[in-house]
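Residues per chain are reported as follows:
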Amino acid sequence: MNVPMISRRRLLLSLLATTALPTWAAPAQPRVDVWKDPNCGCCGDWVKHLEAEGFTVRVFATGADAARRRLGLPDAYASCHTALVDGYVLEGHVPATDIRRLLAERPKALGLAVPGMPVGSPGMDGPVYQGRRDPYDVLLVSREGRSTVFARYR
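Small disclaimer: the values here were computed from a predicted structure and weren't measured.

Cut-offs and rules
Residues numbered from 1 in each chain as written. Predicted model: local features only at pLDDT ≥ 70, side-chain atom pairs only at ≥ 80, totals over all residues. Heavy atoms only, no water. Pairing = 2+ DSSP bridges. Helix = DSSP H or I, 4+ residues; strand = E, 2+ residues; numbered from the N terminus. Axes fitted to C-alpha atoms, helices over the stretch in contact; angles between N-to-C directions. Contact = heavy atoms within 4.5 Å. Salt bridge = Lys/Arg side-chain N within 4 Å of Asp/Glu carboxyl O. Buried < 20%, exposed > 50% of the residue type's maximum accessible area, 1.4 Å probe, protein only.

*Asks:* Honestly, the sheet that holds strand β2 (residues 57-60) in this entry has me stumped. Any pointers?
*Replies:* Here 7 strands make up an open sheet; going across it, the order is β2-β1-β3-β4-β5-β6-β7 and the pairing mixed. Two strands in the sheet have a free side with no partner beyond their single neighbour: β2 and β7 (147-153). With direction set aside, neighbouring strand axes in the sheet form an average angle of 20°. Sitting on the sheet, helix α2 (residues 41-52) is in contact with β1 (32-36), β2, β3 (81-85) and β4 (88-92), with an inclination near 170° to β1. Relative to β7, helix α4 (residues 96-105) is tilted by about 135°, and along the sheet it contacts β3, β4, β5 (111-114), β6 (136-141) and β7.

*Asks:* When you look at the pattern of salt bridges in this model, what are you seeing that I'm missing?
*Replies:* Here the idea is simple: oppositely charged side chains can pair when their charged atoms come close. The tally for this structure, following the rule as stated, stands at 11 salt bridges. The partner of Glu91 in a salt bridge is Arg68, with the nearest N and O atoms 3.0 Å apart. Here the residue Glu91 occupies a position in strand β4, and Arg68 occupies one in helix α3 (residues 64-71), the gap between them amounting to 23 residues. A relative accessible area of 0% means that Glu91 is categorised as buried. The salt bridge partner of Asp137 is Arg152, with a shortest N-O separation of 3.2 Å. Within this pair, whereas Asp137 is found in strand β6, its partner Arg152 is found in strand β7, the two being separated by 15 residues in sequence.

*Asks:* Just to check I follow, could you spell out the pairing of β3 for this structure?
*Replies:* The buried fraction of β3 is high, at 4 of 5 residues. Direction of pairing for β1 relative to β3: antiparallel, over a ladder of 5 bridges. Paired with Asp33 across the bridge in β3 is Leu84. Direction of pairing for β3 relative to β4: antiparallel, over a ladder of 4 bridges.

Any functional reading would require information beyond the geometric quantities listed.
Have a look at this one:
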């Protein structure tokens, strides 16, 4: 049987439309390994924030200081937990949106840090803080230990 060319094209387009991947399928986020104090509630809340944003998280209940040293992050950027995602260090209450941006842009850097524990950052935003939000910066830390502002929260 000789099928006209236009019909073949329609058939092919119809097949492609019905067999293509669904639009809701998205690539999986890389796993985040987190080292934290076993008694720290805000660290656990930060982990919940990441999981709610689609990240898979593996938690180590000890060793944040040792992990920070092993990964080469200077103490000046320290917070209450240290994490590693796809080769980048994350220190403190870094928002998931900034982690996604870091992974999309892939800068030559050690990673991101939110030094201290600013109220209003993910994990430091629970009801106990009564809606308080302090300004803070997410810092992009170079492999040499210098930093620039990656994101500002006001």
